[in-house]
2 protein chains.
Amino acid sequence: MKIGILGGGQLGRMLIQSALKYDDEFYTLDPDSDAPCHNISYFTQGNFNDFETVLNFGKDKDVVTIEIEHVNADALAELENQGVKVVPNSKIIKTIQQKILQKEFYKAHHIPSPEFQVVWNSDEKIMMPLPFVQKMNTGGYDGKGVQVIKTEDDYQHLWKEASVIESLVDIDQELSVIVARNEMGETKTFPVTEMVADPKLNLLDFNICPVYLSEEVQKQIDSITEKFLNVVNSPGLFAIELFLDKEGKVWVNETAPRLHNSGHQSQEGNANSQFEQMYRVVKNLPLADTDAVTYSGMLNLVGAEGYAGKVIYEGMEEVLKLPKTYVHLYGKTETKSGRKMGHINVLADSKEELMEKLIKVKAMVRVIA
Amino acid sequence: MKIGILGGGQLGRMLIQSALKYDDEFYTLDPDSDAPCHNISYFTQGNFNDFETVLNFGKDKDVVTIEIEHVNADALAELENQGVKVVPNSKIIKTIQQKILQKEFYKAHHIPSPEFQVVWNSDEKIMMPLPFVQKMNTGGYDGKGVQVIKTEDDYQHLWKEASVIESLVDIDQELSVIVARNEMGETKTFPVTEMVADPKLNLLDFNICPVYLSEEVQKQIDSITEKFLNVVNSPGLFAIELFLDKEGKVWVNETAPRLHNSGHQSQEGNANSQFEQMYRVVKNLPLADTDAVTYSGMLNLVGAEGYAGKVIYEGMEEVLKLPKTYVHLYGKTETKSGRKMGHINVLADSKEELMEKLIKVKAMVRVIA
């Protein structure tokens, strides 16, 4: 089958890597001629935000999918009209692309998500009490396009564009759950993972699985994933990012309609990875079992501050000596401050051992130039 | 790093698949324009038995390795002279390529291997009593180039070319052990696997791991792998195929200087796979841990007799519904009788469960056209 992917980054690369177990042909579209997928797929250099480019790329494929949500969804809708299968469908991509529509989707379907106000332009009065979160309607990615307004002084920093103004959750834990639905309507949920963020770069830092949650919390999450999968009305793999607040209530922060950084530890930690699951969704195959086989965790390899140029993974050889430690690099030759260059998965027999190993590994390796 | 592989078949494909976790560039050489590696590496169509072709292919690579041993080893020796790293080195490839040299290698190093006589031409008198095995000196592969001569009548079928005449072992179990050595001299051994052969096609059928062996048998195997790794004098990953005879003695049948069918279940069954290990050998990195994490087994997907053409995997969707069952296809579009098209790995909690699952899966799927 000819499978087209909008985006040629690391998520696409790991999807293709995983799917090399099968017999399909992968085509990728990315503006960067050196994108991680460029030498492992039939590669087209081009802008996935451009209507004509996406249309031309997709029209001779059996199925088109995405590894980034900021793509031209109108072109995907047109491809659907022309009979090309698009996974997930253009409608849900459009909804999730725009924070305003995404929030309204949760509201309409009674999926708990923090209270919000829509602001279309900078003249509108903000009713939300301080502190609050501003999320740009479009273009947010990897923590960009999101800011916290804490004081009256901060009002001057407000972005003057369409956004969602959201009440600030008093976060106890940041959780994530990856769910999948195929065209036949079969659904499957990965075990919940906990994300531990680096406040400086606002990029995911550690990700651990499984997480022990009270029955009450697990029930709320099950209700959210069940509702979501019922109403999403599209095949797809989705990462639902959650906040557990200090009062034990679960809120949906946001959803990504694609493979997600918070699922990377599934490569070695679960019976099947999110990449295998995504492949099965794209092909409308029976979904894979997602059991956690042991404790697993992930840390991102991010370009160290102050370094740019040809990447060097300092300390990597020592890391490779560690048992149950799995290095995943993304085939990017150039590093820069904060760039996601790879990740390391670690397995362990207990949560304590896992955290110890993650902290140890993190201290061993530096992404420099 | 620029890594060149002679051969572009499934072993190369799975090596590249596994190594996509890292940042290297893979180049492959194969006569078949549609070889499994052709669309996931920088591909050169050409004959890996031709001196000039191999020399030209290898001269600008950082390291050249093999996924099939029937290559032009003189060209590899010339590449070594020119400063290109070759893994494993040309000398051990030459030794293993020729059954006569391979047998003499075992004899010289006191590695137990069935008694043998070398026959250079058809006039020589065969001293070995019946029944015996004839192995062609060169060109044997996948069970080809090996025959058993049982009766005086069979003498007429003797191949009239240089061969090894070997005493027939009264086989109790066929075992295999994959060993690795890097340039730094570090060595690592995978747990022993048992091979259950299909007598009709003479292709590996099931492969299971771990195998419970008596202390005495394990000691013999440890002694063989230790000796081999001590004397091989080359970095490399090697599959040592063993016979355990009915008296409890272990014999080396033959060695492959490369990735091997008997190690495929390591993809999901071991802490790291033979492909990860091979990558580390090629890059001279610390070797990976090889522990078996659970019971694992493998069955080959071989083209059914009587079918040739565009492949259909009958029953595959049902197989994909089974938990802990992993399908690996090789990207070959055309099937024919006996062609290796893929394999399926299965995990289980006990040997009984494993055998049950393997037999069940084998009955579910058929490779037809």
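If you're wondering where the values come from, they're calculated on a predicted model, not measured in any experiment.

1. What about the pairing of strand β14 (residues 236–245) of chain A?
Residue and element names in this part refer to chain A.
Item 1. Of all the 10 residues making up β14, 10 are buried; the element is thus mostly covered by neighbouring parts of the structure.
Item 2. Along β14, one buried face is formed by Gly 236, Phe 238, Ile 240, Leu 242 and Leu 244 and the opposite face, lined by Leu 237, Ala 239, Glu 241, Phe 243 and Asp 245, is buried too.
Item 3. Relative to β14, strand β10 (residues 171–181) is paired through 10 bridges, and the arrangement is antiparallel. By the bridge assignment for β14, Ala 180 is matched with Leu 237.
Item 4. Inspection of the sheet shows β14 paired to strand β15 (residues 250–256) by 6 bridges, in the antiparallel sense. Looking across to β15, one finds that Glu 241 is bridged to Glu 254.
Item 5. Between β14 and β15, which pair antiparallel in sequence order, lie 4 residues; one of them, Gly 248, sits at a positive phi of approximately 85 degrees.

2. Observations regarding the sheet that holds strand β7 (residues 132–136) of chain B
Residues and elements named next belong to chain B.
Item 1. The sheet built from 4 strands is open, its strands ordered β6-β9-β7-β8 with antiparallel pairing. Whereas interior strands pair on both sides, the edge strands pair on one side only; in this sheet they are β6 (116–119) and β8 (146–149). For this sheet, the mean angle separating the axes of adjacent strands, direction not counted, is 25 degrees.
Item 2. Strand direction decides the pairing type here: β6 and strand β9 (residues 163–167), joined by 4 bridges, are antiparallel.

3. As for the interface of chain B and chain A
Item 1. Between chain B and chain A, the residue contacts involve 34 residues of the former and 34 residues of the latter.
Item 2. Interface area, chain B with chain A, both sides summed: about 3000 Å², of which 50% is carbon and sulfur.
Item 3. Together, B:Leu20, B:Lys21 and B:Leu320 form the three largest contributors to the area buried by chain B at its contact with chain A, with a combined 22%.
Item 4. Taken together, the connections running from chain B to chain A amount to 0 salt bridges.
Item 5. For the pair chain B and chain A, the number of links is 17 residue pairs in polar contact (both at pLDDT 80 or more).
Item 6. Among the elements of the structure, α1 (10–19), α9 (316–320) and β19 (325–329) of chain B are those that each provide at least two residues to the side of chain B that touches chain A.
Item 7. When residues of the side of chain B that touches chain A are assigned to their parent elements, the largest contribution, 4 residues, is made by β19(B).
Item 8. Looking at the side of chain B that touches chain A residue by residue, the classes come out as 16 nonpolar, 8 polar and 10 charged.

4. Describing the pattern of salt bridges
Residue and element names in this part refer to chain A.
Item 1. What the rule picks out here adds up to 30 salt bridges over all chains.
Item 2. In this structure, Glu 69 engages Arg 258 in a salt bridge whose closest nitrogen and oxygen atoms are separated by 2.5 Å. Taken together, the residues Glu 69 in the loop between β4 (63–66) and α3 (73–81) and Arg 258 in the loop between β15 and α7 (266–269) connect sequence positions 189 residues apart. Comparing Glu 69 with Arg 258 shows no difference in burial state: the two are buried.
Item 3. Each of Lys 21, Glu 276 and Arg 280 takes part in salt bridges that share partners, so that together they form one network.

5. Re the packing of helix α4 (residues 90–97) of chain B against helix α5 (residues 99–108) of chain B
All names here are of chain B.
Item 1. Across the interface, α4 lies against α5 with an axial gap of 5 Å and an inter-helix angle of 105 degrees. Accordingly, the angle class assigned to the pair α4 and α5 is roughly perpendicular. Each of Ile 92, Lys 94, Thr 95, Ile 96 and Gln 97 in α4 lies in contact with α5, whose residues at this interface are Lys 99, Leu 101, Gln 102 and Phe 105.
Item 2. Class assignment of the residues belonging to the contact of α4 with α5 gives a composition of 4 nonpolar, 3 polar and 2 charged.

6. Thoughts on the relation of the copies chain B and chain A
Item 1. Rotating chain B by 180 degrees about the axis while translating it 0.0 Å along that axis superimposes it on chain A, leaving an RMSD of 0.0 Å. Overall, the copies show the geometry of a two-fold rotation axis. When each C-alpha of chain B is compared by its distance to the rotation axis, B:Ile40 comes out closest, at 2.2 Å.
Item 2. Interface overlap between copies: 97% of the residues of chain B at the interface are likewise at the interface in chain A, consistent with a symmetric, same-surface contact.

7. Concerning the confidence of the model for chain A
Item 1. Here chain A averages 95 in pLDDT, while 97% of its residues score no lower than 70.
Item 2. Scoring the predicted complex yields pTM 0.95 and, for the interface, ipTM 0.93.

8. Quick notes on the packing of α1(B) against helix α8 (residues 274–282) of chain B
All names here are of chain B.
Item 1. Where α1 meets α8, the closest approach of the two axes is 8 Å, and the angle between their N-to-C directions is 80 degrees. It follows that α1 is roughly perpendicular to α8 by the angle criterion. Across the interface between the two elements, Leu 11, Met 14, Leu 15, Ser 18 and Ala 19 from α1 touch Phe 275, Glu 276, Met 278 and Tyr 279 from α8.
Item 2. For the contact of α1 with α8, the per-class residue count stands at 7 nonpolar, 1 polar and 1 charged.

The rules behind these values
- Residues numbered from 1 in each chain as written.
- Chains lettered and ligands numbered in written order.
- Predicted model: local features only at pLDDT ≥ 70, side-chain atom pairs only at ≥ 80, totals over all residues.
- Heavy atoms only, no water.
- Buried < 20%, exposed > 50% of the residue type's maximum accessible area, 1.4 Å probe, protein only.
- Helix = DSSP H or I, 4+ residues; strand = E, 2+ residues; numbered from the N terminus.
- Pairing = 2+ DSSP bridges.
- Axes fitted to C-alpha atoms, helices over the stretch in contact; angles between N-to-C directions.
- Contact = heavy atoms within 4.5 Å.
- Buried area = accessible area lost by both parts, 1.4 Å probe.
- Salt bridge = Lys/Arg side-chain N within 4 Å of Asp/Glu carboxyl O.
- Polar contact = N/O pair within 3.5 Å; in protein donor to acceptor, adjacent residues only side chain to side chain.
- Nonpolar A, V, L, I, M, F, W, Y, C, P; charged D, E, K, R; others polar.
- Parallel < 35°, antiparallel > 145°, perpendicular 65-115°, else oblique.
- Least-squares fit on C-alpha atoms with pLDDT ≥ 70 in both.
- pLDDT = per-residue confidence, 0-100.

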